[in-house]
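Descriptive analysis of the structure
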Amino acid sequence: MAEKYAVIGKSVPKIDGRVKVTGQAKYTGDLKFPNMLVGKILTSPYAHAKILNIDTAEAEKLPGVKAIITHKDVPTLKYGISPARWDESIFCSDKVRFVGDKVAAVAALDEETVYKALKLIKVDYEVLPAVFDPEEAIKEGAPQIHDEYPRNINTEIHQNFGDVEKAFKEAYHVRTDRFEGNRTYQCPIEPHSAISIWEGNKLTVYSSTQSPHYFQYYIAREFGLPMGDVRVIKTFVGGGFGGKLEPTGLEFAGAALSKLTGRPVKMFYDRHEMFAHNRGRHKQIMEITTGVDKNGKLLGVYANFMMDGGAYTSLGIATAYYAGAMLPLTYEFDNFKFDMIRAYTNLPACGAQRGHGAPQPRYAFECHLDNVATDLGMDPIQLRLVNARQPNTVTPNDFAVNSCELTECIEKAKEVSGWAEKKGQMGKGRGIGIGVGSFVSGAGYPIYRTNLPHASAIIKVHEDGTAATLYTMATDIGQGSDTVLCQMAAEAMGFKYENMKIVSADTETTPHDFGAYASRQTLMSGSAVKQAGEEVKKQLLEMAAQMMEVAPGDLDCRDSIVFSLSDPEKTKPFGEVAREFFVRQGPLVGKGSYAPPKLGGTFKGAAVGTSPAYSFAAQISEVEIDEETGEIDVKEVWDIHDCGQVINPSLLHAQVHGALFMGMGESIWEQVLFDDQGRILNPNLGEYRLPTAMDMPKITSELVESYEPAGPWGVKEVGEGATIPTMGCYANAIYDAMGIRVNSLPLSYEKVWRALKEKRESEAK
Amino acid sequence: MYLPDFEYHMPASIQEACALLAKSGPAAQVLAGGTDLLNKMKHGLVAPQILISLKQLEQLSGIEYVAGKGVVIGARVTHNAICNAKLLQDKYLSVCEAAHHMANNQIRNVGTIGGNIANAVPSADLPPILIALGASITLAGANGEREMALEDFFTGPGKTKIAPDEIITQIIIPDGSFTGSTYIKFGLRRSGALAVVGVAVAVEMDGNVCKKARIALGAVAPVPMRATQAEAAITGQTVSDDLLEAVGVCAAKECKPISDMRGSAEYRRDMVRVFTKRALRKAIDEGHV
Amino acid sequence: MQALVDNNGITRYLVTIKINGDEYTRVVKANTLMVNFIRDELDLTGTKKGCELGDCGSCTVLMDGKPVNSCVVLAVEADGHEITTIEGLATNENLDKLQESFVDHAAVQCGYCTPGMIMSAKALLTKNPHPTEPEVREAIAGNLCRCTGYVNIVKAILAAANE
């Protein structure tokens, strides 16, 4: 018996691997068009200031400058990615709200001239008092950032499931801890870039985007165009991680400049501007109270959180809901209360970074849980096993969980890491810790309200049958969706992966898909692709049945060979049948689409966190701490994932590596820092320290056997889940090594040093 | 980012370079590797109208031993050339190691020892070890050359005693009696991080007695500084763990750190204690200069 | 190096740089960075811009065989030197073994750091054909990757070395 599948489950090489290793792959910034101008945005040097006057006269005189625009020259419709809070403008008209807010833009012949012109624009500001701390921002009398939002409250959430107060009263032990997560930034290595081109009333935008659809939707809305007259084309994208999900000033200002000049305009951010545009991880202050019984069973949890959202909403409303909503997913408890305030501050706007709102609360909860375990004298793994979510259960906030192998993940992590021999026995300075997590496999609802399917696909078999092209707006930003979806298409068609071609993420040529976010594409886009492939196969087999004079039901196709089930010697090449199909009936095309079932409850915010399927993971790490310096040496990390069935093992494990890497950076090194004027202190890759190859430990990524009924071929999430447990996992390993608890991220060397010092001092008393 | 316009000159001799500097005054700056200068220009921190490149001055790119003088390193020698120089590996491995821990491989192929010194960044990695080894530098000017102890060269962050018409031409590590030396850089990442604290030591041991010690600290004062009280505390003493701890405490007391985004003054001061102790231990135990 | 002054009083310089075996002669301003020369003048866009400060390594090219960040080198300084970019590695249809290995080991995700990463690895293997894992990690420590955690990149380089 041959293997069950011919194409999926195999580590085929990436479909775009070759163009990327040769340097042929074109990213937006690599494109050139005849007559193209270069544009940039002038931003505010102040965190909060009234704009009194903008004088562009000097800049306009500079040779090579072709256009300068301010708020007077562009649509004034407010935009944002969260429809509930459209609060951004293409350019500020009345005041600026953070250092980096958009004031004007220039298009010129070349980059150098653009930079020079920006310096010549004179803006008179009246500086206003600013606020940078969310707890300060919501106090009476704090500077008001948006008139429409009193006390700078951008979003307030109060959710209550079951009866937490009662649970705490009945609990054997109740404990409260407070943690702080800090601002980090996605830091894709490719800076954002967009090229806008008008032809009459049609606008084409080449962009480094995670979602051509949302870009198209919001650009069309801003310029009052039918969506059909806005074409968004994703080029190769050099990483997104959540930071390229929403259109930026580059698309809006670039489109305006292109319209004005009648020439293509390429806009780009430099590294500093990327940090200022931000949309990275929020700062969260997280207070968690938990009640447990004698055996460690969680009875109730109260999460009282606050977020620094920065000057605008971005995706922050969803972030705020996610922060709480994902807590009762990982462990089972019936009583859950969640309060959250997302405050505006005069800092860059925060949004969705890998894992969205979940990683910091998960850090807080995993540390908190270890504290509870210590209080109870329980092994942290035992406490987790007692509470781990089980398959076919429903969370108190109405998320229906199908497959769930969290218990198996924890057991396996324990085994492969050698936990039993190591825990508490590693000697001075060495420690081992666990963190677990869970995540969505696609959002149950799109970002704005619409009844469009979430994903769709068309497969066209070439007329001579030697190739097939998959058309989908699913968006490959490096994670490999083009490859995985082609594998799925080939499997469903009975075709060879090597003969697949793909056209993706172009709003004019590919059918709708919401794009790369919320770890949605393997499950959702994959469902649509599977359906399209099956439709091709069905038509092909019907044609083959005529040609081979057998019943269609007696035929199947695999690896581009049509064969008879009753007489496997009887075959015909896929290509020959496909060609005949074209001759007799025209194009051989299959199509598919996917919409999730109706998910979730009816309470306010019930949609956030709903998903057709959930993934689970357990991580264990081993660290060594230098007790004099606080330096953390991560020795080894193990990630055990329940991600359902696997389409491409090597790409899947690569996702785990990358997600874990991002979590690790945030755990120990990464933080965006500001001075007392709201200016970023480290807007560069020298002082914002992503881990280098020398900093990364040995990583082991393994899976547990799992099958998700809601996903095509049993698949679910993998891209973000491994970021979520990491921070808590390290914090717990540090605790195991040194008996100290660092209650804020990142767990920097200095914080560890300080905690050790304080511990020594308190022990000396 | 972009570089403002400037004129580019590539003088064929040191004399020509100095004459050009003398003529141009503060409008001109010397371009060695450029890894620091060009970035400062991109940030608008400096805006020289003229860059005088040392590219053609091949005489500045050698490393040699000159009897009676010591090891002479040309100012244009790159960090990686220092790492790979057999002469330095044999005689002053600690200098190779210090160069090896700088920035990243690409930068080490371009950045130069002269530039690292001339920029006078308080956290620079080469000055502490060179000062510990008693190095001096040669400055060539329009009116001739002068030599200066490296530790006397720095006057503040980004400030030195170099005259407007001068360039650093060579770094001289004199013959000495040291039995061990080392530089420990403490950064917040294993590559591409500036030193939070850098400690260089050179010791002359006689059995277990320290006859002589020089200790130089980076990133904890406006300039790379000698920890003279710490040096006094170890000189003539029999080495023990307790002694090294006490010497570390001494160095911690005399350093003058500030708080910045890489670390608080309090943390830096304690790291001076820790790394002075460790550097001394390493220099004593490993027994190579 | 010949220089001429344009109508705006800006001096321009005639540089000749050998790139991937071919000599290119162009007139550049003094402030033209190598990375812009390669990308804008020669359309060799495989060399990427990521940080413009020498921190990320995306623009790594080989200058006389040594990896350098082309964003901190002036084009005028490269006059008379030899540069190799990612476009210069494959010969005709044949990929360099490092390029093959990166594809085979899933060491490429978004691909933006890939050209610089491969150039650093190329310089390493040329100098040290059988590096240890720590040597590999050190050689690419100046090349930041946000996608892979370097796991498969290190594997790919070691595999190419052991081929």
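Residues numbered from 1 in each chain as written. Chains lettered and ligands numbered in written order. Predicted model: local features only at pLDDT ≥ 70, side-chain atom pairs only at ≥ 80, totals over all residues.

1. Side note on the interface of chain B and chain C
Taken together, the contact between chain B and chain C spans 25 residues of the former and 27 residues of the latter. Going through the elements one at a time, β1 (7-9), α2 (37-42), β3 (50-53) and α6 (105-108) of chain B are the ones with two or more residues in the side of chain B that touches chain C. When the residues that make up the side of chain B that touches chain C are grouped by side-chain class, the tally is 10 nonpolar, 10 polar and five charged. (Contact = placed C-beta atoms within 7 Å. Helix = DSSP H or I, 4+ residues; strand = E, 2+ residues; numbered from the N terminus. Nonpolar A, V, L, I, M, F, W, Y, C, P; charged D, E, K, R; others polar.)

2. Details of the domain arrangement of chain A
Residues and elements named next belong to chain A. We note that the domain assignment places domain 1 (17-24 + 454-594), domain 2 (31-128 + 189-239 + 244-277) and domain 3 (357-439 + 610-764) within chain A. When each unit is reduced to the centre of its C-alpha atoms, the spacing between domain 1 and domain 3 is 38 Å. Every contact between the two is made by 12 residues of domain 1 and, on the other side, 14 residues of domain 3. Put simply, the parts of the chain that give the side of domain 1 that touches domain 3 at least two residues each are α15 (481-493) and α16 (521-548). Taken together, the residues of the side of domain 1 that touches domain 3 sort by class into three nonpolar, eight polar and one charged. (Domains from an automatic or database assignment.)

3. With respect to the interface of chain C and chain A
Every contact between the two is made by 42 residues of chain C and, on the other side, 46 residues of chain A. Among the elements of the structure, α2 (97-104), α3 (114-127), α4 (133-139) and α5 (151-162) of chain C are those that each provide at least two residues to the side of chain C that touches chain A. Grouping the constituent residues of the side of chain C that touches chain A by class yields 23 nonpolar, 11 polar and eight charged.

4. Quick notes on the domain arrangement of chain C
All names here are of chain C. We note that the domain assignment places domain 1 (3-88) and domain 2 (97-162) within chain C. For domain 1 and domain 2, the distance between their C-alpha centroids amounts to 24 Å. Taken together, the 15 residues of domain 1 in the interface contact 13 residues of domain 2. For the side of domain 1 that touches domain 2, the secondary structure elements donating two or more residues are β4 (60-63) and β5 (66-69). The biggest single contributor to the side of domain 1 that touches domain 2 is β4, with three residues. A per-class count over the side of domain 1 that touches domain 2 returns six nonpolar, seven polar and two charged.

5. Quick notes on the pairing of strand β12 (residues 195-206) of chain B
Residues and elements named next belong to chain B. Counting buried positions along β12 gives nine out of 12 residues, so the element sits mostly inside the fold. Pairing of β12 with strand β13 (residues 209-218), which is carried by nine bridges, proceeds in the antiparallel orientation. Bridge pairing in β13 places valine 201 opposite isoleucine 215. Where β12 folds back onto β13 in an antiparallel hairpin, the turn is made up of two residues, including glycine 207, whose phi is positive at roughly 60°. (Buried ≥ 20, exposed ≤ 12 C-beta atoms within 10 Å, placed from the backbone. Pairing = 2+ DSSP bridges.)

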